[in-house]
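Spelled out from the first residue to the last, the chains are:
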Amino acid sequence: MTQPDSPPDALLVRRVLAGQTDAFGVLVDRYHARCLRMATHLLADSDDAEDVVQDAFVRAYRHLGNYHERDKFGGWLMRILVNQCRTRATRNARYVALDPETHTASLAVSPSDEQFDRRAELAHALAHLGPEAREAIALRFTEELSYEEMSVITGVGVSALKMRVQRACQRLRTLLTEHLPS
């Protein structure tokens, strides 16, 4: 994620803590797209996702003193983001209600793309997963995180996460099979 001529995250954090607040802008630039993608997958609403990402960055900035260099900044930030998404979803009393067209658009797919229909079906199926299953799928396959990284972000054990991913994949298969034209 870091460009060859760009300072590592830990150095940027140290600079922010030393008073160079503009260094936090580099971290925001570095992680904004990833956070927005994740929040959109988890909340299924682009407006909520934008709000939650902004809230997560504000929270990260305020609690930067709690960050430990032994942790990856990206993982630490994602943990904050996932918690913010959970809070928003609970407050809104909805984690589903996904509009496949909006969600597919968030995946940067043009309507003329021949895979648009498949992606729309997948988005529709994802909308019918529970919050924990959708979170597990997004972390594992969208963010391509290891189970250990997922565990750090979610606070859930590796074996439980493996089971969540397995069950979510089974449920997705069922949903996609039910909706595929014969």
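Above this text sits the structure in question.
Residues numbered from 1 in each chain as written. Predicted model: local features only at pLDDT ≥ 70, side-chain atom pairs only at ≥ 80, totals over all residues. Heavy atoms only, no water.

Residues that lie three or four places apart on an α-helix share one face, since the helix turns once every 3.6 residues. Among the residues of helix H7 (residues 131-142), those classed as buried are Ala133, Arg134, Glu135, Ala136, Ile137, Ala138 and Leu139. One or two positions beyond H7, positive phi appears at Glu144, with a value near 55°. (Buried < 20%, exposed > 50% of the residue type's maximum accessible area, 1.4 Å probe, protein only. Helix = DSSP H or I, 4+ residues; strand = E, 2+ residues; numbered from the N terminus.)

To continue, consider unusual backbone geometry. Its identity is not glycine, yet Ala44 carries a phi of approximately 60°, on the positive side. Within the secondary structure, Ala44 sits in the loop between helix H2 (23-43) and helix H3 (46-62). Using a relative accessible area of 12% as the deciding quantity, one classes Ala44 as buried.

It is worth spelling out the packing of aromatic side chains at this point. The full count for this structure, using the stated rule, is 6 aromatic pairs. Taking the centre distance of 5.1 Å and the plane angle of 70° together, the rings of Phe24 and Tyr61 count as edge-to-face. In this pair, Phe24 is assigned in helix H2 and Tyr61 in helix H3, connecting sequence segments 37 residues apart. Looking at Phe24, the relative accessible area reads 7%, which means it is buried. Assessed through its relative accessible area of 37%, Tyr61 is described here as partly exposed. Ring plane angle 55° and centroid distance 5.6 Å describe the contact between Tyr31 and Phe73, whose orientation is recorded as tilted. Of this pair, Tyr31 sits in helix H2 while Phe73 sits in helix H4 (residues 73-92), placing them 42 residues apart in sequence. With a relative accessible area of 2%, Phe73 lands in the buried category. (Phe/Tyr/Trp six-rings, centres within 6.5 Å; stacked < 30°, edge-to-face > 60°.)

This paragraph deals with the pattern of salt bridges. Side chains that differ in charge, positive against negative, can pair when their charged atoms come close. For the structure on display, the rule yields 10 salt bridges. The partner of Arg14 in a salt bridge is Glu69, with the nearest N and O atoms 2.6 Å apart. One end of the pair, Arg14, is in helix H1 (residues 9-17); the other, Glu69, is in the loop between H3 and H4, with 55 residues separating them in the sequence. You can call Arg14 partly exposed: its relative accessible area is 41%. Taking the shortest distance from any N to any O, the salt bridge between Arg88 and Asp55 comes out at 3.6 Å. One end of the pair, Arg88, is in helix H4; the other, Asp55, is in helix H3, and 33 residues separate them in sequence. With a relative accessible area of 8%, Arg88 lands in the buried category. (Salt bridge = Lys/Arg side-chain N within 4 Å of Asp/Glu carboxyl O.)

Just distances and angles here, no functional claims.
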